[in-house]
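# Commentary on secondary and tertiary structure
Listed below are the residues making up each chain.
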Amino acid sequence: MDDKKPYTAAFTQPIISPQGADMSQPMGSAQMAQPMQGQPMPGQGVPNVQQNPITGQPMISQSPVPEVPLIKRDTKSLIKTIAIIALSLLSLTFIGLFIWMFVEYENASTNVEGQVADAVVKAVDENTTKLEDEFTEREKYPFKTFAGPADYGELTFEYPKTWSVYVAKDARAGGDFEAYFNPVEVNEVSETTINALRLAIKDTAFDEVAAEYQDALENEENPLKLESVTIGKGMNITANRYTGNIPGTEFNGIIVIFKIRDKTAIMQTDSILFQADFDTLLSSVRFNA
């Protein structure tokens, strides 16, 4: 073998394709265009089927598999998420409403209990006050009877037995008679302390005493209201009744003056708080004319 000559492979037998075509000879255009035996032409029933130009075998090209759209799956997930959120919000709303109603119920219960307690306390206080007032009224009976000097007409009247009496001037040697009455004990006699009753029998004519109160009637700063009344057991004693600021004091009370022989009786309460007892007392007044 000559080393200088290139090696060339020689085929002694022709190359036959699976369809019987001689592959050692170049194929003409007619042969390349001829379809495979038993196979349909492209476009005749089997789409996308091509023929291998070398082997003549059909080549089936696979179309790309379309992706599954995610829109439906995303929509379902979104709906589920919205439903969960809605249920959560609804649950929170119900929980909040329950808590609010429970707090309101507790507050209402507390308020009702407080109102009931206040009402009970108020009722007890009112009942206690009423019982105390009734007891105080009962304790006044039977009344005591006061009798003044015989030389001064022996003025008498009834007063509550719970009152104390202090005679400041007994008029045994003449002059004026003075006595003071007050529940439990008589307060210090002054122009600033209140007593339930001040009694005076002045050795002065009625007209002179009435004139002393006339100035008070005309005083615009401390006016008195004047009434002509009848007092006594037989309601046969004519008297002047003055109501308002008592002259010379800051008391808001009542003064009644009436004539006893040649003298004048003055009965005064320093406060209208004693008006009921004062009126009862006046209805029992008697004296010897």
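A brief structural summary. (Residues numbered from 1 in each chain as written. Predicted model: local features only at pLDDT ≥ 70, side-chain atom pairs only at ≥ 80, totals over all residues. Heavy atoms only, no water.)

The next point concerns the overall build of the chain. Along the backbone of the chain there are 4 helices and 11 strands. At a minimum sequence separation of 6, the contacts of the chain that also span at least 24 residues come to 40%. (Helix = DSSP H or I, 4+ residues; strand = E, 2+ residues; numbered from the N terminus. Contact = heavy atoms within 4.5 Å.)

This part takes up the nonpolar core. Looking at soluble globular proteins, one finds that nonpolar side chains tend to be buried together. Core analysis: the largest hydrophobic core is formed by 29 residues, its most contacted members being Phe-157, Phe-181, Phe-258 and Met-267. Sorting the residues of this core by element identifies β4 (156-159), β6 (177-183), β7 (197-202), β8 (224-231), β9 (237-245), β10 (252-260), β11 (263-269) and α4 (275-282) as the ones contributing at least two each. Here the element with the most residues in this core is β10; it accounts for 4 residues. In contact with Phe-181, not counting residues within four places along its chain, are Phe-146, Phe-157, Tyr-159, Trp-163, Ser-164, Val-165, Val-186, Asn-195, Ala-196, Leu-197 and Leu-199. (Core = buried A, V, L, I, M, F, W, Y, C linked by side-chain atoms within 4.5 Å. Buried < 20%, exposed > 50% of the residue type's maximum accessible area, 1.4 Å probe, protein only.)

Attention shifts here to α4. The set of residues buried in α4 consists of Asp-277, Phe-278, Leu-281 and Leu-282. Projected down its long axis, α4 carries its buried residues within an arc of 135 degrees, all on one side. (Arc of directions from axis to C-beta.)

Further remarks concern the side chain of Asn-195. Along the chain, Asn-195 falls in the loop between β6 and β7. When its relative accessible area of 0% is taken as the criterion, Asn-195 is described as buried. Polar contacts involving the side chain of Asn-195 include one to the main-chain amide nitrogen of Asn-187, which spans 2.9 Å. The residues touching Asn-195, leaving out its near neighbours within four places in the chain, are Phe-181, Asn-182, Val-186, Asn-187, Glu-188, Thr-269 and Asp-270. (Polar contact = N/O pair within 3.5 Å; in protein donor to acceptor, adjacent residues only side chain to side chain.)

One pass over the full model with this rule turns up 7 salt bridges. Of the charged contacts, one joins Lys-263 and Asp-262 as a salt bridge, the two residues approaching to 3.3 Å between their closest N and O atoms. Shared partners join several salt bridges into a network, and the residues in it are Asp-203, Asp-262 and Lys-263. (Salt bridge = Lys/Arg side-chain N within 4 Å of Asp/Glu carboxyl O.)

Turning to the sheet that holds β9, a few remarks are in order. One open sheet accounts for 7 strands, arranged β5-β6-β7-β11-β10-β9-β8; its pairing is antiparallel. Whereas interior strands pair on both sides, the edge strands pair on one side only; in this sheet they are β5 (163-169) and β8. Shown here is a sheet whose adjacent strand axes are inclined to one another by a mean of 20 degrees, direction ignored. Two elements, β8 and β9, share 8 bridges in a ladder whose sense is antiparallel. Each bridged residue has a counterpart across the sheet, and for Leu-224 the counterpart in β9 is Gly-244. Those strands touched by helix α3 (residues 206-217) are β7, β8, β9, β10 and β11, and its axis lies near 155 degrees from that of β10. (Pairing = 2+ DSSP bridges. Axes fitted to C-alpha atoms, helices over the stretch in contact; angles between N-to-C directions.)

Attention shifts here to the pairing of β11. Most of β11 is tucked away, with 7 of its 7 residues classed as buried. Relative to β11, β7 runs antiparallel, the two sharing 5 bridges. Opposite Ile-201, over in β11, you have Ala-265 as the bridge partner. Examined bridge by bridge, β10 and β11 share 7 bridges and lie antiparallel to one another. Residue pairing across strands places Ile-260 opposite Lys-263, the latter belonging to β11.

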